[in-house]
Each structure stands twice: as structure tokens, then as C-alpha cells.
Amino acid sequence: MGTLEIDLIHPDVSVPRNTLDWLTETFGAHDFGPPLITRTELPTGPAVRIRQGFASDGASPCSLGVLLETLTYGVLPTGADSAVVFLMSWTVPGIADDMEEAAAGMVKTLSVAF
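Remember, it's a predicted structure, so these values are computed and weren't measured experimentally.

Colleague: Before we move on, could you go through the pattern of salt bridges and cite the residues and values that matter?
Modeller: On inspection of all chains with the given rule, the structure shows four salt bridges. With its nearest N and O atoms 2.2 Å apart, the salt bridge here joins R39 to D21. With R39 in strand β2 (residues 36-42) and D21 in helix α1 (residues 20-27), this residue pair connects regions lying 18 residues apart in the sequence. R51 is paired through a salt bridge with E100; the nearest N and O atoms lie 2.7 Å apart. Of this pair, R51 sits in strand β3 (residues 45-56) while E100 sits in helix α2 (residues 96-108), and the two are 49 residues apart along the sequence. Among the residues examined, R51 registers a relative accessible area of 11% and is labelled buried. Looking at E100, the relative accessible area reads 21%, which means it is partly exposed. Through salt bridges with shared partners, a single network forms among R49, R51, E69 and E100.

Set out below in C-alpha cells:
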């Protein structure tokens, strides 16, 4: 099973300016070692790609936790002050390559209108 979330982050008092560094610091975690971080350019604008895993709680307090794998793109759309965060996550082992390929295809088609 996979989940796709897309969020829009507007600048405010706590984050007066969205940057790729801020997106990396905010959405990167070190649960299972450092995240794999790549800067890239998408048709929408500059972006940071963050690939990582998280320890997720099990179905019940007695059960073992599961590995939640995630792929996040933080995008700074050209001409906009806001950032777009694209997060894909999954818990099924062995589908990482397919999920990464699907995410890469989707973010290339991302468009933003303000």
C-alpha cells in the first residue's frame, strides 16, 4: 500500500522564505542513517529529493514496528514564494524501485498556478 500527499507551504513568521536548505532540514530525518538527498531541476522549478526510511508503529502495542519508506520532493515553483512538498510513502517491502519511478514521473508533470 502506498500513500501520496501534496502540501503547499506558504512563507510566514516562522519561515519567512522557503529554500531548498530549509526543505531538506525540515523533511529529512535520520531514523535509519542519513537520508539520500539530491538537488534537481523540475519543469516547475528547483527541487530537493529526499529518500529515507522511518520506524513506524505496529498495528498494536504488542506488535513489531514496520519500515515506512518515503520519497519527498520539495519544490520551489519558479516565480512563487510558496513551496510544494510531494511525499510518497509505502510499507510494502520490495516495491521501492517501482514507487520511485512512479514518483519521478508524477513530479515531472506537476504544475502550479497561483
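Next comes the rest of the account.
Colleague: Can you explain α1? Please cite residues and give values.
Modeller: Inspection of α1 places L20, L23 and T24 among the buried residues, and these make up the whole buried set. Projected down its long axis, α1 carries its buried residues within an arc of 100 degrees, all on one side. Tucked into the core, α1 has its buried residues touching β1 (2-9), β2, β3, β4 (66-75) and β5 (83-90).

Colleague: Provide a residue-level description of α2, including the pertinent values.
Modeller: Its 13 residues place the ends of α2 18 Å apart at the C-alpha level, agreeing with the 18 Å of an ideal helix rising 1.5 Å per residue. Looking at α2, one finds that the buried residues are A96, M99, A103 and V107. An end-on view of α2 places all buried positions within 65 degrees of arc, on one side of the element. α2 presents D97, D98, E101 and K108 as exposed residues on the side facing more than 90 degrees away from its buried surface. Lining the buried residues of α2 we find β1, β2, β3, β4 and β5.

Colleague: So, the environment of V92: which residues are in play, and what are the values?
Modeller: As for its position among the elements, V92 is in the loop between β5 and α2. Taking the C-alpha atoms as reference, V92 lies 9.2 Å from V66; in sequence the two are 26 residues apart.

Colleague: I'd like a description of a nonpolar patch on the surface, backed by residues and values.
Modeller: Among the surface-exposed residues, L4, I6 and M106 lie close enough to one another that they form a single nonpolar patch of about 250 Å² accessible area. Structurally, M106 can be placed in helix α2.

Colleague: Describe the sheet that holds β5, listing the residues and the values that go with them.
Modeller: With antiparallel pairing, five strands are arranged side by side in an open sheet as β1-β5-β4-β3-β2. One side of each edge strand has no neighbouring strand; the edge strands of this open sheet are β1 and β2. Recorded for the sheet is a direction-independent mean angle of 20 degrees between the axes of neighbouring strands. Where β2 and β3 come together, seven bridges link them in antiparallel fashion. By the bridge assignment, R39 is partnered in β3 with V48. Packed onto the sheet, α1 meets β1, β2, β3, β4 and β5 and runs at close to 10 degrees relative to β3.

Thresholds applied
Residues numbered from 1 in each chain as written. Predicted model: local features only at pLDDT ≥ 70, side-chain atom pairs only at ≥ 80, totals over all residues. Heavy atoms only, no water. Salt bridge = Lys/Arg side-chain N within 4 Å of Asp/Glu carboxyl O. Helix = DSSP H or I, 4+ residues; strand = E, 2+ residues; numbered from the N terminus. Buried < 20%, exposed > 50% of the residue type's maximum accessible area, 1.4 Å probe, protein only. Arc of directions from axis to C-beta. Contact = heavy atoms within 4.5 Å. Expected span 1.5 Å × (residues − 1). Patch = residues over 30% accessible without salt bridge, like charges linked within 9 Å, V, L, I, M, F, W, Y side chains within 5 Å. Areas by Shrake-Rupley, 256 points an atom, 1.4 Å probe, with all protein chains shown as cover. Pairing = 2+ DSSP bridges. Axes fitted to C-alpha atoms, helices over the stretch in contact; angles between N-to-C directions.

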